[in-house]
Amino acid sequence: MANLRIIDRRQNPSGKSLGNRQRFMDRAREQLRKAIKENIRQRSISDTQSGETVVIPADGTHEPVFRHDSETGERSRVLPGNKEFRAGDRIPRPSGGAGRGGSEGSEEGEGEDAFAFTLSRDEFLDLLFEDLKLPDLVKKQLKSEETEKPKRAGLTTSGPANRLNLVRTARRSLVRRAALSRPKQDVIVQMERELERLEHEEITPADGRSAERRIAELREQLERARQKRARVPFIDPMDLRYNRLEHRPQPIAQAVMFCLMDVSASMDEDMKALAKRFFLLLHLFLERHYDNVEVVFIRHTQHAEEVDEQTFFEGRQTGGTVVSSALKEMLRIAQARYPLADYNIYVAQASDGDNVRSDIETCINLLEGRILPITQYMAYVEINPPMRGRRNIARRGESDLWHGYAELAERRPNLAMRRISEASDIFPVFRDLFKSEGQTS
């Protein structure tokens, strides 16, 4: 039987050791998540095409090891040339230690710099949105073949090289070689050495037999072992096992997210930039985590209209403020395109809270009577004027719209409200609005 050669051509990313990289990330996951939370405050959220270099304490990168507790147990030490201590004496700890605090330099102490780790874009986004989800995503319906996803379905004897199950293949090879008594290479080498030493008369048989007889036996055994080893290959085609995948339809959740943004004249460029960055983060989160979440963009002044993604983030139109126009437009689109029986409906609204006073009651009635009953979750983010560089401007109090929504939020748990004043507020507020149950921000 011809020898079988297996060449593993599975690609390895530039990290050269994907397994080691994933094990390290699992071990330092908590430190990485904390570092990302800090980095996202300075990073531009619109920069989604690159990864991130994070710095974590070196203490979190060490492999866990077992050590004897130096504070417990008894030890006996031999100190040659000792003139100071006797048996039973306690040896004091050396003074100093591994560095002391303070601004002055020290001649003692040692430590390690923080550890810098570069995350790819996918790794960065996975960790960024790891424990976030759309709340109350309950309406699930089986859709078309697009919903089919590959699932593990046991093993098969044929398949592409990238699905070769190394563990199962090696296990079957080991069992077959043991069952067929395949001679090990070490045994053959040992017989070859013994034969060589006998032929050079360096040793004699220990049982008293003649050297010629032992040499003949060894040559015969060696020949049989080599032939059997050649007949029983290390890996045989019958050993190969491949992971088998089946495409099974999966019940998926259909959802639509309505993004309502106030672009009236009371929202200056800085406030609009904060609102856009919040929606950009939300859009990125939905794209990353969900396959079938549709996003509807609505901009409003005194009028509201559905716009495409580019117009939503880059449009320059402005004007007066009638917040209820956006709520009515959202209801019109939901009734026309998204059946309540099939879709989970979500709403995210960003505004500075300035509104025509007579319109606030209309907004509250629309929310309480028509929108919140059909909505799984609504997040209202009120944009306050950024205070950076405006120290002479007093912080604005809560708006009338905020007061109206706050009273409603006490009765409706599916309405959440937060405020954003600085760019650094965006990610903590976003996490707070969409964190999974049981997770902390």
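Only a predicted model underlies this, so the values are computations on that prediction, with no experimental measurement involved. (Residues numbered from 1 in each chain as written. Predicted model: local features only at pLDDT ≥ 70, side-chain atom pairs only at ≥ 80, totals over all residues. Heavy atoms only, no water.)

## Some words on the nonpolar core
In step 1: Met257, Phe279, Leu282 and Leu433 are the most contacted members of the largest nonpolar core, which has 52 residues in total.
In step 2: Per element, the largest residue contribution to this core is 10 residues, and it comes from helix α7 (residues 269-289).
In step 3: When we break this core down by domain, the ones giving at least three residues each are domain 1 (1-8 + 21-62 + 115-130) and domain 3 (253-434).
In step 4: Discounting residues that sit within four places of it in the chain, leucine 282 has contacts with Met257, Cys259, Ala348, Phe430 and Phe434.
In step 5: Ala326, Ile345, Ile371 and Leu408 belong to the second largest nonpolar core, which has 29 residues in total. (Core = buried A, V, L, I, M, F, W, Y, C linked by side-chain atoms within 4.5 Å. Buried < 20%, exposed > 50% of the residue type's maximum accessible area, 1.4 Å probe, protein only. Helix = DSSP H or I, 4+ residues; strand = E, 2+ residues; numbered from the N terminus. Domains from an automatic or database assignment. Contact = heavy atoms within 4.5 Å.)

## Some details on helix α11 (residues 400-411)
Residue pairs spaced three or four apart in an α-helix point in one direction, given the helix's 3.6 residues per turn.
In step 1: End to end, α11 covers 18 Å across 12 residues, agreeing with the expected 16 Å (1.5 Å per residue, within 8%).
In step 2: By the burial criterion, the buried members of α11 are Leu401, Trp402, Gly404, Tyr405 and Leu408. For α11, the arc enclosing every buried residue in end-on projection is 160°, short of the 170-degree limit, so these residues lie on one face. In α11, those exposed residues whose orientation departs by more than 90 degrees from the buried face are Glu407 and Glu410.
In step 3: Of the surrounding secondary structure, the elements contacted by the buried residues of α11 are α9 (323-337), β10 (344-351), α10 (357-371), β11 (377-383) and β12 (415-420). (Expected span 1.5 Å × (residues − 1). Arc of directions from axis to C-beta.)

## Details of the packing of aromatic side chains
In step 1: For the structure shown, the criterion picks out 14 aromatic pairs.
In step 2: With 5.0 Å between their ring centres and 40° between their planes, phenylalanine 430 and phenylalanine 434 make a pair best called tilted. A residue pair is termed a helical-turn pair when its members lie 3 or 4 positions apart in one helix, as phenylalanine 430 and phenylalanine 434 do in helix α12 (residues 426-434) at four residues.
In step 3: The buried category is assigned to phenylalanine 430, whose relative accessible area is 0%.
In step 4: An aromatic cluster is built from Phe278, Phe279, Phe285, Phe297, Phe312, Phe313, Tyr377, Phe430 and Phe434, whose rings are joined through pairwise contacts.
In step 5: Positioned over the ring face of phenylalanine 234 is arginine 177, at 4.0 Å from the centre of the ring.
In step 6: When the ring centre of tryptophan 402 is taken as reference, the NZ or CZ atom of arginine 419 above it lies at 5.3 Å. (Phe/Tyr/Trp six-rings, centres within 6.5 Å; stacked < 30°, edge-to-face > 60°. Lys NZ or Arg CZ within 6 Å of the ring centre and 35° of its normal.)

## A short note on the confidence of the model for the protein chain
In step 1: Scored by pLDDT, the protein chain has a mean of 79; 78% of the residues are at 70 or more.
In step 2: Here strand β3 (residues 140-141) stands out as the element of the protein chain with the lowest mean pLDDT, 52, in contrast to helix α4 (residues 166-179), whose mean of 93 is the highest.
In step 3: This model gives residues 388-394 a pLDDT under 50, and the stretch forms six contacts once residues within four places in sequence are excluded. (pLDDT = per-residue confidence, 0-100.)

## Examining unusual backbone geometry
Backbone phi values are negative for most residues with the exception of glycine, while trans is the configuration of most peptide bonds.
In step 1: Not every positive phi belongs to a glycine, and serine 181 is a case in point at roughly 55°.
In step 2: Examined against the element boundaries, serine 181 turns out to sit in the loop between α4 and α5 (185-199).
In step 3: Exposure remark for serine 181: the relative accessible area of 48% places this residue in the partly exposed category.
In step 4: Its identity is not glycine, yet glutamate 201 carries a phi of approximately 55°, on the positive side.
In step 5: Residue placement: glutamate 201 occurs in the loop between α5 and α6 (211-231).
In step 6: The class of glutamate 201 is exposed, set by a relative accessible area of 70%.

## A closer look at the pattern of salt bridges
In step 1: The final tally for this structure, using the stated rule, is 17 salt bridges.
In step 2: The partner of glutamate 217 in a salt bridge is arginine 214, and the shortest N-O contact between them spans 3.6 Å. Remark: arginine 214 and glutamate 217 occur in helix α6; sequence separation between them is three residues, near one turn of the helix.
In step 3: Taking relative accessible area as the criterion, glutamate 217 reaches 21% and is therefore assigned partly exposed.
In step 4: What makes arginine 214 buried here is its relative accessible area of 14%.
In step 5: Here glutamate 269 ties to arginine 316 by a salt bridge, and the two come within 3.9 Å at their closest N and O atoms. Of the two residues, glutamate 269 sits in helix α7 while arginine 316 sits in the loop between α8 (309-314) and α9, which places them 47 residues apart along the sequence.
In step 6: Overall, arginine 316 belongs to the exposed group, its relative accessible area being 66%.
In step 7: Several salt bridges converge on common partners, so that one network encompasses Glu194, Arg209, Arg213, Arg214 and Glu217. (Salt bridge = Lys/Arg side-chain N within 4 Å of Asp/Glu carboxyl O.)

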